Amino acid sequence: MNHPFSLTAVSTVTNRLKDANIHYASGGSGLLYSLGLTEQVRDWDITTDAPIEAVVNALQGIHWTQALSGDYPFASSYRISILHNTLPIDLIGSFAIYSEAGLCRLPSHSAAVWEQIPMGSPEIWAVAYSLMNRQDKAFKLFAYLQAHGANHERIHQLLQEPLPKPLQSKLLTLLPSSE
């Protein structure tokens, strides 16, 4: 399939992670693109629950910088940025975002493989975008989940996190009424 961007840089990074047996998943605009929910990939957001030392070892020979994981509400353990002449890549360790109810941990789960890249959970990214107040992207993912079905185990896992009540209610609509 032809894309308006190159997968070379992200494939190099993901192959390094794979070779080091580091579980990861691509989210953000890459996930939205893979689901047909956007026509543009702004950057690659790759989440992992691996310790930074393991990721740094896997990236030997690749130029990277450690960046702030972001201002509040972001609370991930680390963020490694790889600037490339195509699309920037951010490796996010132990993805987490504060909500009004507390710290929400968003584990790195892959839901599918697209172009040989494990793609993140739409359920997790719908919650992440909601917590980031990026409602247009959250809406697209929630609509996708309504149309295609949600992973019930993932929904139950997310409901264990301190989420705002309206977001909890939205997640509950993705479960059958018998649950």
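Our subject is the structure listed above.
Not measured: the values here are computed from a predicted model.

Visitor: Quick question: what am I supposed to make of the packing of aromatic side chains here?
Guide: Given two aromatic rings, their pairing is described by the distance between the two centres and the angle made by the two planes. Under the counting rule described, the total for this entry stands at six aromatic pairs. With a centroid separation of 5.5 Å and 20° between ring planes, the pair formed by Tyr-72 and Tyr-98 is classed as stacked. Within this pair, whereas Tyr-72 is found in the loop between strand S3 (65-67) and strand S4 (78-82), its partner Tyr-98 is found in strand S6 (residues 96-99), the two being separated by 26 residues in sequence. With a relative accessible area of 63%, Tyr-72 lands in the exposed category.

Visitor: I keep staring at the side chain of His-3 and nothing clicks. Help me out?
Guide: Examined against the element boundaries, His-3 turns out to sit in the segment before helix H1 (8-19). Side chain to side chain, His-3 and Tyr-33 meet in a polar contact 3.3 Å long.

Visitor: Is there a simple way to explain the pairing of strand S9 (residues 117-120) in this structure?
Guide: The two faces of a sheet get side chains in turn, since along a regular strand they alternate between them. Taken together, the four bridges between strand S8 (residues 110-114) and S9 define a ladder with antiparallel strand orientation. Within S9, the residue paired with Ser-110 across the bridge is Gly-120. Between S8 and S9, which pair antiparallel in sequence order, lie two residues; one of them, Glu-115, sits at a positive phi of approximately 50°.

Visitor: How should I be thinking about the pattern of salt bridges in this particular structure?
Guide: Side chains that differ in sign of charge can pair as their charged atoms come close. All told, the structure shown has two salt bridges when counted by the stated rule. Between Arg-42 and Asp-43 there is a salt bridge, and its shortest N-O distance comes to 3.7 Å. Where Asp-90 meets Arg-79, a salt bridge forms, and the shortest distance between an N and an O atom there is 3.8 Å. Taken together, the residues span a long stretch of sequence, with Asp-90 in strand S5 (residues 89-93) and Arg-79 in strand S4 at a distance of 11 residues. Overall, Asp-90 belongs to the buried group, its relative accessible area being 14%.

Visitor: What is the right way to look at the pairing of S5 in this model?
Guide: Taking burial as the measure, the five residues of S5 include five buried ones, the bulk of the element. Side chains of S5 alternate between two faces, with Ile-89, Leu-91 and Gly-93 and Asp-90 and Ile-92 buried alike. Taken together, the five bridges between strand S2 (residues 44-48) and S5 define a ladder with parallel strand orientation. Residue Thr-48 lies in a different strand from S5, and its bridge partner there is Gly-93. Connecting S4 to the next strand, S5, in antiparallel fashion are six residues.

Definitions and limits used
- Residues numbered from 1 in each chain as written.
- Predicted model: local features only at pLDDT ≥ 70, side-chain atom pairs only at ≥ 80, totals over all residues.
- Heavy atoms only, no water.
- Phe/Tyr/Trp six-rings, centres within 6.5 Å; stacked < 30°, edge-to-face > 60°.
- Helix = DSSP H or I, 4+ residues; strand = E, 2+ residues; numbered from the N terminus.
- Buried < 20%, exposed > 50% of the residue type's maximum accessible area, 1.4 Å probe, protein only.
- Polar contact = N/O pair within 3.5 Å; in protein donor to acceptor, adjacent residues only side chain to side chain.
- Pairing = 2+ DSSP bridges.
- Salt bridge = Lys/Arg side-chain N within 4 Å of Asp/Glu carboxyl O.

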